[in-house]
Amino acid sequence: MNFLRGVMGGQSAGPQRSGAETVQKLCDRVASATLLEDRRDAVRALKSLSKKYRLEVGSQAMEHLINVLQMDRSDSEIIGYTLDTLYNLISNDVEEEEPEENVHKPSSEDLAVQYTEIFIKQPENLTLLLSLLEEFDFHVRWPAVKLLTALLKNLGPQVQQIILVSPMGVSRMMDLLADSREVIRNDGLLLLQQLTKGNAAIQKIVAFESAFERLLDIITEEGMSDGGIVVEDCLLLLVNLMKNNSSNQNFFKEGSYIQRMKTWFEVAEENLNWSAQKVTNLHLMLQLVRVLVSPVNPPGATSTCQKSAFQCGLLQQLCTILMATGVPADILTETINTVSEVIRGSQVNQDYFASVNAPSNPPRPAIVVLLMSMVNERQPFVLRCAVLYCFQCFLYKNQRGQAEIVATLLPTTIDANSISAGQLLCGGLFSADSLSNWCAAVALAHALQDNSVQKEQLLRVQLATSLGNPPVSLLQQCTNILSQGVKINRRGSNVQTRVGLLMLLSTWMTDCPIAVTHFLHNQTNVPFLTAQISENLGEEEQLVQGLCALLLGICIYDNENSLENYTKEKLKQLIEKRIGKEIFIEKLAYISKHELYSRAGQKPQPSYSIPEQMLLDHEFTKLVKELEVLIIKAVQKSSEDEKKEEEVKKSLEQHDSIVSQYKELIREQDMQLNELKKQVTALTTQNEQSQTTITQQAAQIQQLKDQYNLLKIQGKPVDSHHHMHNEAAEINGIQPKADMEEIGRLQEELEQLKKQHGILEGQLAEKDLIIDKMQMSQISGNKDTDDCTDNSGEPTAAPHKELETLRTLVQTQAAEISQLQAKKQELENQPAAMTGLGSGDVDSDSSLRRITQLESRVSALDDENQKLKGQVKVLTEEKDSLDQQMTRTNNTVVILQTDKSRLQQEVVESKKEQDDLLVLLADQDQKIFSLKNKLKELGEAIEDEDDMESGDQDDDDYDEDEPN
């Protein structure tokens, strides 16, 4: 202990030891001491020396400290001292005390990186440190968090890779957010910030460890935008997790976390206390919204986030802040940029933004209020840039919004009592501020982007100049300012103004031949452009020269040759004589070679530090990239090449017309085939239905046959029984009594036959109803012929058999009735021969009465039999009519099959003709190849391979078709 007192500054009788010697003694003590208390005191001493003697402690004690972490894990106090010592060595945040010796030593950052490399050289050390995060002891967990944070700051990618392969490493860090001690939770946020920097894999793991839920809960608990530094740390971590990570953005959107962001922006109007921390928090919140809807994200992900922002009311809340009073300038600027990207390319959001009004009296549209700030030179530069970006995003892929803006410039819609967007743009276009000129010109160019209708509408705009002079068109006024060289800017430099006007004119005249004609109609425009291009000006004027060359090239490319003095050929001759093709192409390339061209093409938002740098627009760079190649080709083509191209176009149009005719023929044939297929399907369905009906009828007929057979079987025993009774009665002498019994039996049989007759009559009625339905289906559809045909198209024999069966049944019943009448007659003759029997007179009278009743019933049966015969006759006539209809239907089917065969033959012929056309095209390609080989053999140079290929192919097409 005396030794430790000497080390810690106590009185000692011996000479003072140096720092290196002291550290060496302490290291030996840590390595050799057997008592835990001695090792703990030595580590505590090393901790106190680690700031003043950082180099000595780090070089000598690092290995011993790591051994302590491995061997003395059970003692939290010595582990805490060890972690603090390592943190002092590795961290750059610790203020290093200057030693007494004046010796040159490495810098603090170099030492931190070197010690970090030593520590992570063995990945097990980092794994051990991650395991210490599970310790709940504050003196172990907190320094472990700080040490991990320092390691990630020094060598982030290397440490991230080790943590990525460490089991449960990220999960242990995520548990820090649930710690009840705010110090550990807050430092855990800082640790996760360093952990998630630039590593998409770790970002995904952290996100799927419920990071979004926990962070949003912490933000809500801390007071959202009114919270402190903890809210800022949470927002920074959220930005790290989602920036340039589409997977986490999609996970955030699907988890309905965008809806929870709406409450962040509920800022009370009476709350004017905007602290610096609140401004920082709101700025990060707006930045997080922009991460979700950034134009660099995949289009599908951005559109879904924009849709969610509108549905949950987030866009409405942002627009409320946009129109509120008392909002700091930087928050207002960032809110404008955020609203811009939320509405960019989303028609629903753009329509909503167009309907937002500012809380003024009278209410004005938000677009008008923002444009007033853009053309006001007293507003901050960043705010004016944000308004321009917002206006560009409002018009991006929004033809409805473009039409509304252009309509405010037309004479029929101008309202003198209110300020419109068109009036503000015209005012800014011709004001004395060059930045206002440029912003207004770019904004108006975006109102014409990819919209030929509005380009033509803008030609109608008339501007009043001075009293007594007629109004001039907007196009004429722009060209007048360019040609006259008016000094608009008060500082004397109008490069920014001219660049803006040239970009507007180039966008306006692209793909709009009418605007080109209006431009060329002014006799001074072309001389002005050629003079600007041909002059040798300074570097600041090179961009203007390039834009003039671009505008003149558009006059050539989109020229309809409607003006005799300025046809394509004459303009190209003018360039060749006054400028030279090579010089013209060189000047045209000034645009893409300008230092601000690549910067403007990186992202849609204009981001410049000073107003003088705002020269090129993002969308205009895309237009230049498309037009540059086309203009060079148009200028380099000769008149003969153009004639050949026109001839090739004509031949191609002829080919296209022939191909279109064949396509139309094939389309018609396909339609006819489809109709025939539908008809065949319908006929097949009807055939199946008729087959089902026939099957049902066959079953019913079988039932009738079974009933008939049953009646026939019942009839035979009755006759034999009657004959036996008659013989027995004659033998015994009691024949009249037997006759009476026989008559009773005959009466019962007549009743049964009458019932059977009623059943048969009902079944005949059902058959009549089925036949009527079949007739109605035949009459209602000309093609419903399969009701009486089988699959082969031949009539089925089922209806014929059914009618024959019915006839047979009727005849059988008539025969039975005749037999009964014969028996009745025999019974009537028997009472007359038995007059000698006195006791039988009364019985004979009653028998005569019964016989009379039977006779009446038999006559009734005869009448019913006649009715059945009439029905059979009607059924026979209906059968004949059905046979005729089936014959006609079979003829129709034969005709349809003939038409189908003819159409199939025509389809085969059309395919053969298409194959012939393909063979012709292959022959043409072969000719092109042979002509190229001949040109190479003759030694002619091919200047533009693409042009020669298209020209040769077109020329061959024309030569091939000319004899026809």
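Residues numbered from 1 in each chain as written. Predicted model: local features only at pLDDT ≥ 70, side-chain atom pairs only at ≥ 80, totals over all residues. Heavy atoms only, no water.

### Re the pattern of salt bridges
To keep it simple, the criterion reads: Each salt bridge in this description consists of a side-chain nitrogen of Lys or Arg and a carboxyl oxygen of Asp or Glu lying within 4 Å of one another. Put simply, DSSP H or I for four residues or longer makes a helix, DSSP E for two residues or longer makes a strand, and each gets a number counted from the N terminus. Only protein chains enter the accessibility calculation, which uses a 1.4 Å probe. A residue is then buried if its area is under 20% of the maximum for its type, exposed if over 50%, and partly exposed in between.
Summed over all chains, the structure comprises 24 salt bridges. Between R290 and E334 there is a salt bridge whose closest N-O contact spans 3.1 Å. Of the two residues, R290 sits in helix 16 (residues 276-292) while E334 sits in helix 19 (residues 329-343), which places them 44 residues apart along the sequence. With a relative accessible area of 10%, E334 lands in the buried category. In this structure, the salt-bridge partner of E619 is R344, at a minimum N-O distance of 3.8 Å.

### So, helix 29 (residues 513-521)
Convention followed: Arc definition: directions from the helix axis to the C-beta atoms.
Listed as buried for helix 29 are A515, V516, F519 and L520. Each buried residue of helix 29 sits inside an arc of 135° when the element is viewed along its axis, so together they form one side.

### Thoughts on the side chain of H594
Just so we agree on the cut-off: By the criterion applied in these results, polar contacts are pairs of N or O atoms within 3.5 Å in which, for protein atoms, one can donate a hydrogen and the other can accept it, and in which residues neighboring in sequence qualify only through two side-chain atoms. Throughout, a contact is declared for two residues whenever any of their heavy atoms are within 4.5 Å.
In this structure, H594 sits in the loop between helix 34 (590-593) and helix 35 (595-600). A polar atom in the side chain of H594 sits 3.1 Å from the backbone nitrogen of L596. Apart from the residues within four sequence positions on either side, H594 is in contact with L543 and L615.

### Section: unusual backbone geometry
Of note, S210 is a non-glycine position whose phi angle comes to about 65°, a positive value. Here K397, not a glycine, exhibits a phi torsion of approximately 55°, which is positive. Tracing the backbone through its elements, the reader meets K397 in the loop between helix 22 (381-395) and helix 23 (399-407). Relative accessible area serves as the criterion here: at 62%, K397 is assigned to the exposed category.

### Observations concerning the packing of helix 30 (residues 525-534) against helix 32 (residues 568-579)
Applicable threshold: Axes here refer to lines fitted to C-alpha atoms; in helices the fit is confined to the stretch in contact. Angles between the N-to-C directions go from 0 to 180 degrees. In this scheme, a crossing is called left-handed if the near helix is turned counterclockwise away from the far one by less than a right angle; it is called right-handed if the turn is clockwise. Gly counts as polar in this scheme, as do all residues outside two lists: the nonpolar Ala, Val, Leu, Ile, Met, Phe, Trp, Tyr, Cys and Pro, and the charged Asp, Glu, Lys and Arg.
Packing of helix 30 against helix 32 leaves a shortest axis separation of 10 Å and a crossing angle of 35°. Handedness of the crossing formed by helix 30 with helix 32: right-handed. On helix 32, the residues touching V526, T530, I533 and S534 of helix 30 are L571, L574, R578 and I579. Its residues assigned to classes, the contact of helix 30 with helix 32 comprises 5 nonpolar, 2 polar and 1 charged.

### Quick notes on the packing of aromatic side chains
Stated precisely, the cut-off is as follows: The criterion for an aromatic pair is that two Phe, Tyr or Trp rings (for Trp, the six-membered ring) have centres within 6.5 Å, with stacked assigned to planes under 30 degrees apart, edge-to-face to planes over 60 apart and tilted to the rest. Charge-over-ring contacts are defined here by two conditions on Lys NZ or Arg CZ: a distance within 6 Å of the ring centre and an angle within 35 degrees of the ring normal.
Here the structure, examined in full by the defined rule, presents 8 aromatic pairs. Judged by centre distance (4.7 Å) and plane angle (35°), the rings of F208 and F251 are tilted. Here F251 lies in helix 15 (residues 246-254) and F208 lies in helix 12 (residues 200-208), a separation of 43 residues in the sequence. Measuring from centroid to centroid gives 5.3 Å for F252 and Y257, while their planes differ by 40°, and the two rings are tilted. The exposure class assigned to Y257 is buried, which follows from its relative accessible area of 11%. Ring pairing ties together the aromatic residues F208, F212, F251, F252 and Y257, which thus form one cluster. Over the aromatic face of W142 sits the side chain of K146, whose NZ or CZ is 4.0 Å from the ring centroid. Over the face of the ring belonging to F136 we find R181, whose NZ or CZ atom lies 4.0 Å from the ring centre.

### So, the side chain of T510
Mapping T510 onto the fold places it in the loop between helix 28 (495-509) and helix 29. On the accessibility criterion, T510 (4% relative accessible area) is buried. Those residues in contact with T510, other than ones at most four positions away along the chain, are K455, I554, D558, L623 and L627.

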